[in-house]
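# Observations on the three-dimensional arrangement
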Amino acid sequence: MYEEWLSIEEEVLDMEKCRSVLHTYPSNVGKDVAKSVIASLCLNSGHSPTGDNFLDSPSTKLPELTTITQINWTMEVVCFGLTLTLTEFETLKDSVLIYLEWLTVGSNVGPNVPLPIRNDPLPFLRKMIGHLENLFIPRKEGTSGNQLALCHAVLASVENLAAKSTILDRLTWESLLKFVLKVSDTILAPPCLANGLADQICDRLMQAFFNIWMLACKTSFPSPSFWKTCRLMFGRWRHHLAVVEWWSRLAAATTSRALKFMHEAALPELKIPEEDAKLIPQDMTHEVLVQSWFRILHMIGDPTELWNRYDVIKSIQEDNLPPEVFEAPDVYHSFSKSLPLIFLKAMKGVSTIVDAFLGVDDDSRFHVVYPSVTSQVSSHPITPTAQRKSSKPKKYQSGNPLKPSPTVAALSSSSAGTGGPISHSPVTNQVNLYCGVGDTMEMKLAPNKNRSQCNSLLHLFGEWLFNAALAGSSINVDKAMSDKRQRSTSSQPHQYTTQTSTSSGLDATLISNPLFEVDPKDCAEAGRAEACGALCRIFLSKKSGEEIKPVYLSRFYLVLSEGLCGDSKQVIASILLNSVDLLRIDLPGVTVLLPTIISALETILPDRELSSYKSFVNVVHIRRSAIHLLISMLPLSLHYGDVDIENLSDVSLTSPTPPTSPTSFAGSGHHSFDSGQPSVTVTKQQQQQQTFKSIRRRILDLLTGALQTETDPINTQMILASLLLSLQDSATFESSISKEEKGKQGGNPSPKSSDRTLPIETPSGLFIQIILLVTRKLEAWKFDITISLAALELLSGLAKTKVEGAVEDAAEECMRAVHQLCQYITSQCERPRPQHKRELHSMIVTAFHTLGVWLVEHPYLMEDKDCLLQVLEIIELGISGSKSIHVDPETNKNTKVMKGEKTLNPVSKRVREAAESLLILMFEYLGAFPSPTSPTSTCSMLDERTLLQCSGVVDHDVDEMSLQQAISHYRYFGLSNGILIGLLEHENNNDSTPSVSMILRSSTGRKVWTFQLRQTPRSDKSIPSTYLKPYSRPSPMPEGTIKYAKQRPRVFPEEVDRIPLVKADCSIPLLRDVPNETQSSQIDKLNGLINEQAVYEDEISKGVTESEMPGSVAPSPVKSYQAARMLLSHLNFLSLDSIKSKPSQSPNHNEPGPFSVMINEKDVSFAADLDNFDSIPTRVHDTAFVFYVKPGQTSKSSILSNMSAEGSSGLQPAFVEFLLSLGWAVNRNSHPGWCGKQSDFNGNIIPQTPVNDEVDLGKEGLGILNGDEYLLYHADASTEVAFIVPTVSRQQQQQTSVTTTAQTTTTSEAAATPPQQSDNISTASMDNIIVMTPLDKTKMSLEFIDGANCTVPQLESPSSPSTTRSKKMSSTNKPFSTALVDSRIAIFWCESYDSIEDIDVSSFEPYMCTHEDFHQYQAKRDIPAIFIHPLDSGLFKVRVKQPNISNKCNFAIPVISGSVISRRSLGSVVRMTLMNICSRHRLAADYSSPHVRRKQRLSDLINKYQHKCIPPDFYTLIFDPCHRENNVTTTLTVNS
């Protein structure tokens, strides 16, 4: 920097200004004169009368110096007195005190200052300052503590003069600078004895030096000659720890002040101690400060030379110092032992400045401590001056005989009594091993967005950092040893000796005395580690699109290769902790380090203890950094395939040529790649060239091995996430390759299922390996919720991953996974009751969900009897709290309990609900998902209106029909098991058999079935009427006309006439003989009547024709049925036991109420409540909002406009692919599932009006997916996700919606409006619809989620529950907070990674409105966000910001912050991650499953609209609908 300027070193070190005329006389003459004169200037030192204080009784009068000649002569005497030895301490002390008093003339003039000095003080000040230099010459005689106290007093007075004087001119300032330069050089330059004056005063001297120097910079800026002289002389002092320490402190202080105005508060303030901040004058101008900062930074020269004692000695020898000064063992031992710590201090100072320019807070860094370095210095401690007892006689420790001014007296007394101000200990403080950013998954240091560019920092500090990072390495050690051999063979004599330096010089002493030999690697290890960390932070602070010069990149890669391949654990730890994002920031050619990094990771991850690292670094953090690097490598092997990797370990470097300029960085340094470029030769490779594909096995082996040795929860979660990412990428890659391409590539074919040695590189092999590892450790992880949730999410991801050949190759492992999940649930449920807390139940609930995913995705598992039995037992355990068959711990025998005798005591309500959900999945979705209508909807698309038209009951369009009108055609019944049945009787067009369509509403959804009474098989082509047709009678035989003679009717048979009469027969007279005349006449009349009747009958019989006898004929079939009644009867729903109330007989009775309940569907509010019930989803729903951020965009309007038709033309093609991979496009008007808005949910009903489901993204742009008309949708058996791309139009709609919501009050009449009517309203009124629809539903008597307060129904029926049950509080009265959970997630696609720090996710919340009312019931939380940044390599870097969820339920997988993902699997893993994030949030919240909410609302609906009546009236209503309608107002009491 100052090559063109001359040094004034000779002028500074000139001894003539320090010599007195008395030096020309014999020493005894000068000594006598000095004693006499100085004693006369001071009070006679005789004792006071008391003998204790000699200041109160002066014995002589002070001489008066009135002329300049007198002053000059006196100063010559005092100058000689300052050179006296410590044996003449009284004279020496009095000489110092005289000058200290006279120095006050520059600031606060003391009473004893002579008049000539007061009149013209500056010449005398310069002369006194020069004379005071004599005091600092080391003295061997006497006690060093006395000299130390005087030196402290002089330094304090000179500092006070420089700080407070206002009369100093430039010459005086130069005298002050020369004073501090010469004093420092006199004391600190070699030779220095161990624990001598240099070690004792060095700290205080450097404080005064820099304080005076900075004051001079403010008032009279030093000339270049002074700066050059200071730099040259500093090279002789820097082997002292305090020199380097004070230099680093001043450099940090000036940097802190300079950054404040250079970056105008854009960078965070560099925190420095208040003592260091005082070194810089407050009124120093900015220009002076910057110039001073740069010069002070380079004042120390090249700090990288401090690691090698040969370089330090060489720089001292260049100043004509003989090597004999280092031959003393105590000198050399102290000199060598302090170099490692000095080098570390220097590099820490540079590192601190680098961090300041990067905006990195020191508290956020992961530090490496160096106990080996600090222990070397502390083993030979130097007593700090503040703690050292003065060896001066006690009488000289209390006062000043000259009685100077109070200021000088205070300074001298304090210095003499305490030995100087408190100084810093030379031993560095131990750094807490657990300091850093804390126990977080993301280890990013997050440099400030306004940080300096990498090239600028490397221009400034690159030479030092690169050379320091290679200090002690194989390259630099070889060079040092070569230089040593060159010096040892040199025969040039030293100018200070007549013999060669090799015979009795330094090198010969070092070689012959191995006791003091220090390994160069040990000297440089600590400072080298600090330099490597600083370099890593610089390069990893690269901004998106920033270019770094290739020369810097090549040196950086060489540094990392040397550091990771070396034996220094501290260097390896520093590199790993500071290079977490090394493979994620688009550094050109960084993949050449892959083999080196993998080799380093192979020494860390498999080692569980890491004993060699524990002493200086937190092993958890270093393992986490290694895992981060491993995660960033995962996609590289498949991404680059068979591309070769250039391995730096195959490159050998020879010694570089010396630099041409020692101060210019472009061509300087030991290993510069310009003029100082080393020669590179590539060795012959014995092995085959490594490819990216060939290292895949090493990466996967490291990953699986790390899982077995890792104990930290966060690190374990990261490994689990990376395993799932790797499997997803591998499976997707495998599925994209055709069989022909596999044959061309020579890939290994998948072995048969009998071969269990599947390579881990294949998806099937990795699939099996992950299952084996996770299931084995699942039981050990059951006590940690964070690891358990991550492991269960991993198993869920495994089940969803489509691995080719998994069914054949891994069927046994899949069953193992199900078995282990069942064992895990059992083990968790059987834990002691005090351990049953919310976290434990969350783990059990997640395990049930994971088990359900496995069963739905792998239905073949239920074909195994044992597997089915295990699952059913687990469901029983979750619902009832115990198994029917369990092992008695006392007898160790199986105990069986009948299910009907069990007491229902589930582990918790949440666990029971999870078990019920699993049971529903088994019976409804196992092997049946997706159905023709799923995954869009799990319910039937038909409702009451559409079913009327489909069944032919109505022949007109039902679009204009209200739901209330459609319901009138149905009859509704409720079942006590939570099912609402709607029956529609209709005719079958094909035949006349009874047909009933049934709409079943239950907790699982709405299902539609059509029943037909079949008496004949469908294969019989005969119609049913054929079986009812009678057979024809046979024709009767012809009969002839036979006439029979009329015979008189006989009363008795003819046989009576053949019996002979006897006398007794005549004992009774005949009738004609008995009566008299009157009687005879009456008898005659009667006979006449009989005859007339006979004649009349004969006449009639003659007119009657004969007819044939009718035959037996089969009845005709019935044309009209009460099919609904028949169906209910066939299902035994109308039996007397079903309709009567069942009093609760025991606490275990599950059905205390009636089984069948009749519903009053004529109620005017039934239709609205039924429609609201259909609006309750059957699955959980999440909503993701996707934003695109271009570089430099900060305003929300510009970000939203990127998705417009005009702005979407500039989007990256990869973003379009990613967006379409999240889900499929659906039309909001025809979509029956979740659409991202509560107001748009149409109850799983497809409108009858045809809509256009086709969308042209190329013409309309991606903005059409903003949810107004189209959106992206994805769903599985339990979750549905809507992906919306907000635009400016959606922003305006939602802002209008929010404003209208705050001002609008809806009425209960508006609540009855069906949601389908909104489809026909014009687009102009869409905003009002968006507002009114959710408000209408919340005003209904049965709300969307939480329902309404159930009033006492007016219409009641036989199937009424008991009085106790009816008084039970309805679930609709429960708090609303358990209903909805905020499941919104933001996805930001950032072209520039630096844009992530500028994005405030909360500011986008108004554009992510779903019109769900969770805000007023739940505490506001930060919306999770996923940031995706495309790398130049074609991969994608992802950062996840998850809110701090309670109960430790954060960190969802598989995507975590820092994940690097391939293009083919980006969409699927991001979708899986956001679903897991929302699932974890639901776990932490008070949330009920959808089937539970539907079950509760359905029960409320049945209780509200049921009829309560006695059985006779119930049957009357069944048989006579008209009677039911006429008696709807009748309320009867149940007659048991």
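Residues numbered from 1 in each chain as written. Predicted model: local features only at pLDDT ≥ 70, side-chain atom pairs only at ≥ 80, totals over all residues. Heavy atoms only, no water.

This part takes up the overall build of the chain. Across its full length, the chain holds 54 helices and 17 strands. Counting the 1536 residues in the chain, one finds 53% classified as buried. Within the chain, counting contacts between residues at least 6 apart in sequence, those at least 24 apart form 77% of the total. In the form shown here, the chain has an accessible surface area of approximately 69600 Å², with 53% of it arising from carbon and sulfur atoms. (Helix = DSSP H or I, 4+ residues; strand = E, 2+ residues; numbered from the N terminus. Buried < 20%, exposed > 50% of the residue type's maximum accessible area, 1.4 Å probe, protein only. Contact = heavy atoms within 4.5 Å. Areas by Shrake-Rupley, 256 points an atom, 1.4 Å probe, with all protein chains shown as cover.)

So, about unusual backbone geometry. Outside of glycine, negative phi angles account for most residues, and trans bonds account for most peptide bonds. Cis peptide bonds are those with omega within 30 degrees of zero, and the linkage from phenylalanine 929 to proline 930 qualifies with 0 degrees. Residues isoleucine 1453 and proline 1454 are joined by a peptide bond in cis, for which omega reads 15 degrees. Here proline 1454 shows up in the loop between β16 (1436–1441) and β17 (1459–1461). Positive phi, close to 65 degrees, is recorded for asparagine 1132, a residue that is not glycine. Tracing the sequence through the fold places asparagine 1132 in the loop between α41 (1123–1130) and α42 (1136–1139).

Interpreting fine coordinate detail is not advised for predicted regions of low pLDDT. Per-residue confidence for the chain gives a mean pLDDT of 76; residues scoring 70 or more make up 72%. Taken element by element, the chain is modelled with least confidence in helix α49 (residues 1326–1339), mean pLDDT 31, and with most confidence in strand β15 (residues 1425–1430), mean pLDDT 95. Counting contacts from residues 434–438, a segment whose pLDDT is below 50, to residues more than four positions away or on other chains yields 18 contacts. (pLDDT = per-residue confidence, 0-100.)

Another point: the packing of helix α11 (residues 241–262) against helix α13 (residues 286–297). Between α11 and α13, whose axes approach to 9 Å, the crossing angle comes to 145 degrees. Of the two elements, α11 crosses α13, and the hand of that crossing is left-handed. The segment α11 lies against α13, with Trp247, Leu250, Ala251, Thr254, Thr255, Arg257, Ala258, Phe261 and Met262 engaging His286, Leu289, Val290, Trp293, Ile296 and Leu297. Its residues placed into classes, the contact of α11 with α13 shows eleven nonpolar, three polar and one charged. (Axes fitted to C-alpha atoms, helices over the stretch in contact; angles between N-to-C directions. Left-handed = near helix turned anticlockwise from the far one by under 90°. Nonpolar A, V, L, I, M, F, W, Y, C, P; charged D, E, K, R; others polar.)

In this section: the state of the cysteines. As enumerated under the stated definition, the model contains zero disulfides in all. Cysteine 79 takes part in no disulfide bond, and the closest cysteine sulfur, belonging to cysteine 18, lies 6.6 Å away. Of the residues examined, cysteine 79 reaches a relative accessible area of 0% and is grouped as buried. (Disulfide = S-S within 2.5 Å.)

With that out of the way, let us pick up the packing of aromatic side chains. Tallied over the full model, the rule gives 35 aromatic pairs. Aromatic pair phenylalanine 1166 and tyrosine 1505: ring centres 5.1 Å apart, planes at 80 degrees, arrangement edge-to-face. On the criterion of sequence distance, the pair formed by phenylalanine 1166 in helix α43 (residues 1166–1174) and tyrosine 1505 in helix α52 (residues 1490–1505) is long-range, its members being 339 residues apart. Considered together, phenylalanine 1166 and tyrosine 1505 belong to a single accessibility category, that of buried residues. Connected via pairs of aromatic rings, a cluster forms that spans Phe209, Phe210, Trp213, Phe221, Trp227, Phe234 and Trp237. The ring of tryptophan 246 has arginine 249 lying over it, and the distance from NZ or CZ to the ring centre is 3.9 Å. Across from the ring centre of phenylalanine 1173, 4.5 Å away, lies the NZ or CZ of arginine 1494, which sits over that ring. (Phe/Tyr/Trp six-rings, centres within 6.5 Å; stacked < 30°, edge-to-face > 60°. Lys NZ or Arg CZ within 6 Å of the ring centre and 35° of its normal.)

Judged by pairing direction, the sheet is antiparallel, and its five strands sit side by side in the order β8-β7-β6-β5-β9 without closing on themselves. Only two strands of the sheet have a single partner each, and these edge strands are β8 (1005–1012) and β9 (1156–1158). Direction aside, the axes of adjacent strands within the sheet are offset by 25 degrees on average. Direction of pairing for strand β7 (residues 995–1002) relative to β8: antiparallel, over a ladder of eight bridges. Its bridge partner lying in β8, serine 995 is registered against glutamine 1012. (Pairing = 2+ DSSP bridges.)

To continue, consider the pairing of strand β13 (residues 1279–1284). The two faces of the sheet receive side chains in turn, since in a regular strand these alternate between them. Where burial is concerned, most of β13 is hidden: six out of the six residues are buried. Burial of the side chains of β13 extends over both faces: Thr1279, Val1281 and Phe1283 are buried on one face and Glu1280, Ala1282 and Ile1284 on the other. Two elements, strand β10 (residues 1180–1189) and β13, share six bridges in a ladder whose sense is parallel. By the bridge assignment for β13, alanine 1184 is matched with phenylalanine 1283. Relative to β13, strand β12 (residues 1270–1275) runs antiparallel, the two sharing four bridges. Looking at the pairing, tyrosine 1273 lines up with alanine 1282 of β13. Where β12 hands over to β13, the hairpin turn is made up of three residues, counted between the paired strands.

Packing of helix α24 (residues 569–578) against helix α26 (residues 619–633) leaves a shortest axis separation of 8 Å and a crossing angle of 55 degrees. Taken together, the axes of α24 and α26 are oblique relative to one another. The element α24 and its partner α26 pack so that their crossing is left-handed. The residues of α26 that touch α24, namely those facing Ala573, Leu576 and Leu577, are His621, Ile622, Ser625 and Leu629. Taken together, the residues of the contact of α24 with α26 break down into five nonpolar, two polar and no charged. (Parallel < 35°, antiparallel > 145°, perpendicular 65-115°, else oblique.)

Once that is clear, we can look at the pattern of salt bridges. Evaluated as defined, the whole model comprises 50 salt bridges. Two residues, arginine 1439 and glutamate 442, come together in a salt bridge whose shortest N-O distance is 3.0 Å. With arginine 1439 in strand β16 and glutamate 442 in the loop between α17 (406–418) and α18 (454–469), the pair connects residues that are 997 residues apart, well separated along the chain. Looking at arginine 1439, the relative accessible area reads 10%, which means it is buried. (Salt bridge = Lys/Arg side-chain N within 4 Å of Asp/Glu carboxyl O.)

Let us look at empty space enclosed by the protein. Throughout the structure, instances matching the rule amount to 15 cavities of 30 Å³ or more. Considering only enclosed or pocket space, the largest cavity measures out at about 870 Å³ in volume. Contributing to the lining of the largest cavity are 40 residues, with His849, Ser917, Val1180, Ser1278 and Ser1489 lying nearest its centre. When residues of the lining of the largest cavity are traced back to their parent elements, those giving at least two are α32 (785–800), α35 (838–857), α37 (909–925), α51 (1466–1484) and α52. Ranked by the residues each element gives to the lining of the largest cavity, the list is headed by α37, at nine residues. Classifying every residue of the lining of the largest cavity gives 15 nonpolar, 15 polar and ten charged. Approximately 230 Å³ is the volume found for the second largest cavity. What lines the second largest cavity is a set of 20 residues, among which Lys444, Arg451, Lys542, Tyr1393 and Asp1394 lie closest to the centre. Taken together, the residues of the lining of the second largest cavity sort by class into six nonpolar, three polar and eleven charged. (1 Å grid on protein atoms, 1.4 Å probe; cavity = no way out; pocket = protein on both sides within 12 Å on 5 of 7 lines; lining within 4 Å. Points joined across faces, edges and corners; volume = space filled by probe spheres on them.)

Side chains of Val21, Tyr25 and Val29 sit close together on the surface and give an oily, nonpolar patch of about 250 Å² of accessible area. Residue placement: valine 29 occurs in helix α2 (residues 27–41). The partly exposed category is assigned to valine 29, whose relative accessible area is 34%. (Patch = residues over 30% accessible without salt bridge, like charges linked within 9 Å, V, L, I, M, F, W, Y side chains within 5 Å.)

With that settled, the discussion passes to the pairing of strand β6 (residues 979–986). Within β6, six of the eight residues are buried, which leaves the element mostly enclosed by the surrounding structure. Sheet topology note: the strand β5 (residues 971–975)/β6 ladder contains five bridges and is antiparallel. Paired with arginine 971 across the strands is leucine 983, a residue of β6. Inspection of the sheet shows β6 paired to β7 by seven bridges, in the antiparallel sense. By the bridge assignment, isoleucine 981 is partnered in β7 with leucine 1000.

To continue, consider the sheet that holds β15. Spatial strand order, β11-β12-β13-β10-β14-β15-β16-β17: eight strands in an open sheet with mixed pairing. In this open sheet, the two strands that pair with only one neighbour each are β11 (1224–1227) and β17. Across the sheet, the axes of successive neighbouring strands diverge by a mean angle of 30 degrees, strand direction being ignored. For strand β14 (residues 1384–1390) and β15, the ladder comprises four bridges, and the chain directions are parallel. In the sheet register, alanine 1386 faces β15, and the bridge partner there is alanine 1425.

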